[in-house]
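# Report on the structure
Listed here are the chains, written in short residue letters.
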Amino acid sequence: MSFYVIFIIAIIFLLGDYRIGNLKKPQFFTLLGILTVTSVLAFRFDIGADYSQYYTNFFKAYQRDQTLNYEPLNNLLFLITTPFGEPWIPIALYGIFTVGIACYSIKKESDNFFIGTFTFLSIFYLFAFSTMRQGLASVIVLSAYSFLRDNKLRSYYLRILIAGLFHYSAFISVFFPYIYKLKPKYLIFALIFSTIIFIGGGSFLSKIPFIGKYAIYLNVASNFGGGNFQRLFLWGILIILWILRSKTNSNTTHLLVLCSFGAIFPAIFGTHIGGRIAQYMYIFLCIAAPNILNNKTMLIKSAYIALLLTWFFAYVYIADDNGSKTFLPYQTIFEVDANTMRFK
């Protein structure tokens, strides 16, 4: 746990919005902070629930000169790295692309880079440790926000196509332009209607070809990744942002509607598959939260950051307390001997 404490302190120092005397924080600090976040994700070893599975699949495919049973762009990424024959290289690329796209999107679309990045770190970063393909797909969906906001649907759907070719679940985002336009007063009716549709649609979803290998999760009320605690935390964040939002900012209101719509999926399908689908909606908190909180008092901003910190460390602790050792102890790929490496 000490590694993550030091990591968070370093990120607050490097990315925090503060002044040194009368001078602004050096821009170099921000770049160094982004590189730190990228390196911790990209160059880890056996950190994340699915790490060993990805590493083993890549290793076997390299050894047998085979292709992978993944989505097309994942297979392309694998083929590009084939000459190196090192399983950690595609894993590192997932991390680099995920953080790079997330930080670029937050910098471009949010009013406060630190709050947006810290929201990403606390809610989605550890998620990306485990679900590499979907972690990348989620931030590609995030990068489509400007097209969603400006109703440039052709460009928006092109981004969604790219995201979906990294993880088929990203195609849920094709419905976002319709959800985004909903007025807040219709949100409750939309949630009730969607709940009825999806409760009755579980068996239908399992028949869809690209859902097939995930169908086992449709009937599992899994507590993977924090269970009810995770749901309550995200609902709490949404409630706080709804209270603090400016009613004159329609774009932020539309974003909150979209994020709130994601709350139905974990309640129906469990935290595992329901939470994974909801990630494509919750990811927009990285833009909504900083845009809402940017003009609030330092006390409110600090309280929000403290709440995120509580969740981050609770998420790590829950995984460790369950005996899975998903995030602890942290180690890099450079600390491991390839000939004697062992997974947890």
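Going by the structure above, here's the rest.
About the criteria used
Residues numbered from 1 in each chain as written. Predicted model: local features only at pLDDT ≥ 70, side-chain atom pairs only at ≥ 80, totals over all residues. Heavy atoms only, no water. Phe/Tyr/Trp six-rings, centres within 6.5 Å; stacked < 30°, edge-to-face > 60°. Helix = DSSP H or I, 4+ residues; strand = E, 2+ residues; numbered from the N terminus. Buried < 20%, exposed > 50% of the residue type's maximum accessible area, 1.4 Å probe, protein only. Lys NZ or Arg CZ within 6 Å of the ring centre and 35° of its normal. Salt bridge = Lys/Arg side-chain N within 4 Å of Asp/Glu carboxyl O.

## A closer look at the packing of aromatic side chains
Evaluated as defined, the whole model comprises 31 aromatic pairs. With a centroid separation of 6.2 Å and an interplanar angle of 40°, the aromatic rings of tyrosine 54 and phenylalanine 58 are classed as tilted. Of the two residues, tyrosine 54 and phenylalanine 58 both sit in helix α3 (residues 51–64), four residues apart, roughly one turn of that helix. As far as the burial class goes, tyrosine 54 and phenylalanine 58 line up, both buried. Aromatic pair phenylalanine 58 and tyrosine 70: ring centres 6.4 Å apart, planes at 80°, arrangement edge-to-face. With phenylalanine 58 in helix α3 and tyrosine 70 in the loop between α3 and α4 (72–81), this residue pair connects regions lying 12 residues apart in the sequence. Tyrosine 70 matches phenylalanine 58 in its accessibility class, with the two residues each being buried. Taking NZ or CZ as reference, arginine 44 lies 5.1 Å from the ring centre of phenylalanine 129, over its face. Just above the ring of tyrosine 70 sits the side chain of arginine 133; from NZ or CZ to the centre is 4.5 Å.

## Describing the pattern of salt bridges
Under the definition given, this model contains five salt bridges. Arginine 149 is the salt-bridge partner of glutamate 109, the closest N and O atoms lying 2.9 Å from each other. Pair noted here: glutamate 109 is in helix α5 (residues 88–109) and arginine 149 is in helix α8 (residues 145–149), with a separation of 40 residues, a long-range link. On the accessibility criterion, glutamate 109 (12% relative accessible area) is buried. Three or more residues joined by partner-sharing salt bridges are found here, namely Lys108, Glu109, Arg149 and Asp150.

Keep in mind that these numbers describe shape and distance, not what the molecule does.
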